[in-house]
Amino acid sequence: MKKPFSDRNFHSLRHNMTCFRFIELLLFLLFSNVYSEESEPIFKAEREVIQLGNCFAMDYIIVYRSASEGDQLLGNSSNKNMPNTPPADLQGRTHISDDPSLLGFQISNLTLLDSGIYRRECWKNQTIISQKTQQLTVCKEQIESEDIIVSKDGKGTEILCNNNAIGSEGTSVRWYHEMYPSYEPTLFLDSSVSLKPLVKELAGVVDVRDNGALLVFNNMLQKTTHFKCVVMKGISCLSFQTMHPPDESESKDIFVSLGDRVLLNCSIDEGDQVWETPLGRIDGNTRGSPMYISADDFSLVIPAIFADYIGDYSCISPSREMHYALFLCPSESVVYQVVGQGENVLLVCNINQDDPKRVQWHRYGLTGHYEIIHNSQDKTVPIPKDLRGRVTLSEDGTLLTINDLKVKDGGKYLCAVVKTLDFAGNYTDYDTEYDDKGTEEDEMDNEWTESLECIFKQEITLNLPSSPPPPHMPYVVVAVVVLLLVVAVVIVTVIVIKKKARPLPLQREATLYVKMDMDPGCTEKMID
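Residues numbered from 1 in each chain as written. Predicted model: local features only at pLDDT ≥ 70, side-chain atom pairs only at ≥ 80, totals over all residues. Heavy atoms only, no water.

(A) Geometry of the overall build of the chain. In terms of regular secondary structure, the chain is built from five helices and 32 strands. Counting over 528 residues, the chain shows a buried share of 39%. Of the roughly 32,100 Å² that the chain leaves accessible, carbon and sulfur atoms contribute 55%. (Helix = DSSP H or I, 4+ residues; strand = E, 2+ residues; numbered from the N terminus. Buried < 20%, exposed > 50% of the residue type's maximum accessible area, 1.4 Å probe, protein only. Areas by Shrake-Rupley, 256 points an atom, 1.4 Å probe, with all protein chains shown as cover.)

(B) Main features of the packing of aromatic side chains. For the coordinates displayed, the defined rule picks out eight aromatic pairs. Between Y60 and W123, the ring centres sit 5.7 Å apart and the planes meet at 15 degrees, which makes this aromatic pair stacked. Taken together, the residues span a long stretch of sequence, with Y60 in strand β3 (residues 60-67) and W123 in strand β7 (residues 116-124) at a distance of 63 residues. The class of Y60 is buried, set by a relative accessible area of 15%. Residues F217 and F227 carry aromatic rings whose centres are separated by 5.4 Å and whose planes lie at 50 degrees to one another, so their mutual orientation is tilted. (Phe/Tyr/Trp six-rings, centres within 6.5 Å; stacked < 30°, edge-to-face > 60°.)

(C) Structural view of the sheet that holds strand β9 (residues 157-160). Pairing is antiparallel in the open sheet, where three strands are placed in the order β9-β13-β12. The sheet is open, and its two borders are formed by β9 and β12 (206-209), each paired with just one other strand. Averaged over all pairs of adjacent strands, the angle between their axes in this sheet comes to 15 degrees, without regard to strand direction. Here four bridges tie β12 to strand β13 (residues 214-217), and the two strands are oriented antiparallel to one another. Within β13, the residue paired with V208 across the bridge is L215. (Pairing = 2+ DSSP bridges. Axes fitted to C-alpha atoms, helices over the stretch in contact; angles between N-to-C directions.)

(D) Representation of the sheet that holds strand β6 (residues 102-107). Spatially, β2-β6-β5 is the arrangement adopted by the three strands of the open sheet, whose pairing is antiparallel. Only two strands of the sheet have a single neighbouring strand rather than two, namely β2 (50-56) and β5 (94-97). Each neighbouring strand pair of the sheet contributes to a mean axis angle of 10 degrees, computed without reference to strand direction. Both β5 and β6 contribute to a ladder of four bridges, which runs antiparallel. By the bridge assignment, H95 is partnered in β6 with Q106.

(E) How the structure looks around the environment of D59. On the secondary structure map, D59 appears in the loop between β2 and β3. On the basis of relative accessible area, D59 is assigned to the partly exposed category, the value being 40%. Once residues within four sequence positions are removed from consideration, D59 is found in contact with L103, W123, K124 and N125. Engagement of the side chain of D59 in a polar contact is seen with the backbone nitrogen of N125, the distance being 2.6 Å. (Contact = heavy atoms within 4.5 Å. Polar contact = N/O pair within 3.5 Å; in protein donor to acceptor, adjacent residues only side chain to side chain.)

(F) View of the side chain of R119. Here R119 lies in strand β7. Among the polar contacts made by the side chain of R119, one reaches the side chain of D71 at a distance of 3.0 Å.

(G) Quick peek at the pairing of β7. For β7, the buried fraction is high: eight of the nine residues fall into the buried class. Following β7, the chain reverses through two residues before pairing antiparallel with strand β8 (residues 127-147); N125 in that reversal takes a positive phi of roughly 55 degrees.

(H) Here's a closer look at empty space enclosed by the protein. Counting across every chain of the model gives one cavity of 30 Å³ or more. Taken as a whole, the largest cavity encloses approximately 30 Å³ of empty space. Forming the boundary of the largest cavity are L52, Y118, R119, R120, K132 and Q134. In terms of residue count, the dominant contributor to the lining of the largest cavity is β7 (three residues). For the lining of the largest cavity, the per-class residue count stands at two nonpolar, one polar and three charged. (1 Å grid on protein atoms, 1.4 Å probe; cavity = no way out; pocket = protein on both sides within 12 Å on 5 of 7 lines; lining within 4 Å. Points joined across faces, edges and corners; volume = space filled by probe spheres on them. Nonpolar A, V, L, I, M, F, W, Y, C, P; charged D, E, K, R; others polar.)

(I) Molecular detail of the nonpolar core. Ranked by size, the top nonpolar core spans 30 residues in total, and within it L264, W275, Y313 and L326 carry the most contacts. Those elements that place two or more of their residues in this core are β16 (250-256), β17 (262-264), β21 (300-302), β22 (311-316), β23 (321-328) and β30 (411-422). With five residues, β23 is the single largest residue contributor to this core. (Core = buried A, V, L, I, M, F, W, Y, C linked by side-chain atoms within 4.5 Å.)

(J) Here's a closer look at the environment of I96. Among the structural elements, I96 can be located in strand β5. A residue is classified by how much of its surface remains accessible, and I96, at 18% relative accessible area, is buried.

(K) Local environment of the pairing of β8. Direction of pairing for strand β1 (residues 40-45) relative to β8: parallel, over a ladder of six bridges. Across the sheet, residue P41 finds its bridge partner in β8, namely Q135. Judged from the nine bridges that link them, β7 and β8 form a sheet pairing that is antiparallel. Pairing of G116 across the sheet is with L136, part of β8. Pairing geometry for β8 and strand β15 (residues 236-244), over six bridges, is parallel. Across the sheet, the residue bridging to E141 is S239, located in β15.

Here it is in structure tokens:
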């Protein structure tokens with residue numbers, strides 16, 4: 001006969017289970033710390049969405065999560081006929097993009113328990129082409145980022161981490177810095193360990209105050225250095241905040257078609273520069289690369305666009321960055337229009353679809369530089385100075401009129417129509433809303449779930465003569481021409497008549513008379 005299950009046995013079992021879970025948690029944390037040595041730290045707030053990397057032009061994507069018992073398979077797109085079954089805690093919150101040109105994996109509605117180590121693998125021809133490991137930390141909140149303000153005397157900089165919990169029992173501050181050119185977060189201070197920097201290069205450069213909340217640098221910071229502070233309470237993340245220098249980088253959208261030749265300018269300070277491209281990093285050595293760097297100004301030259309060239313391009317230097325986003329558009333024929341100075345011209349974006357969501361107008365001009373004129377989804381884009389007061393647009397942005405044309409208005413114009421796609425590749429009607437501060441209200445919810453696709457591109461070449469056309473007065477012109485012809489005929493007639501009526505000179509007549517008298521042959525013939 002079995003003994004009844006006493007309260008003592010229950011408490012003993014509960015104690016053993018608690019100890020087992022505690023040991024499991026310690027093993028998981030230990031495993032995570034060891035495994036995360038080569039992983040990239042990434043921070044998100046609760047209820048956000050994370051995109052665990054993308055695979056460009058690959059066959060399939062596989063994503064794992066590290067656990068105490070080993071790797072857990074979260075998703076595999078290799079067999080589209082079989083549904084993916086993630087672990088129970090992630091069911092209903094994962095999604096794999098099946099776009100063959102851009103494979104991705106996302107987790108939505110993040111919770112604090114989603115913190116951990118994740119690995120994404122990109123496969124092609126049954127071979128791993130690339131993999132990326134990320135250490136995700138989900139925090140209770142994200143505090144609004146701030147600009148780093150350098151002191152007026154230029155001798156130092158103060159950076160403050162904003163959280164009222166700092167200094168209370170059990171809290172600590174971790175500081176990360178992201179530096180050119182990799183911009184991967186690197187831990188350089190953990191107040192739970194020491195108030196001294198973990199990086200030797202920062203020893204003697206930074207003074208840590210207020211329990212790790214305040215950093216005082218005694219020298220100038222590079223403009224490309226970003227900082228991130230993370231407030232922890234035990235193993236739980238309370239908040240994270242990003243600090244960065246004021247954004248002085250430039251960002252431009254470039255709309256291209258297959259086979260186009262593209263020149264991306266890099267008008268930044270000379271020095272240690274690199275280009276980050278979808279095909280990898282390119283510096284001065286471009287042997288074997290399908291694109292090359294101009295020897296004159298470090299611009300990037302792409303002789304012919306292919307599908308796998310589409311993506312983000314960045315020209316990075318220690319002091320500044322320039323960003324380009326290349327969009328692949330269907331190829332369209334070029335329209336040529338010839339107009340005169342002082343006239344008005346209507347440029348038409350001949351799209352056959354109703355209600356285009358985003359329309360952009362660009363001008364290449366004679367310099368060959370990309371310059372935006374209008375963006376229907378960003379009213380803050382300024383019209384170029386030389387066109388202000390002379391440009392009008394239709395309500396949907398597909399008709400652009402330039403009044404009082406100047407010679408310098410000649411050149412190539414381009415309109416592009418862009419549609420918004422959700423993560424599944426479906427068109428959406430989402431319009432970005434801006435609040436009074438000019439920030440996107442729904443940025444957190446849509447940052448990782450949407451992408452843009454160019455569905456139409458129209459190039460228009462505007463030709464203007466170098467001098468203004470003659471006035472439109474055809475009858476007056478004909479009358480003037482006829483009058484000039486009549487006058488010319490009269491003058492010629494008078495000259496001819498005068499020449500015929502003019503007598504021969506006296507000397508010429510005497511000479512002829514003498515010659516006749518002295519001709520013996522003529523005298524003899526006359527006597528006979």
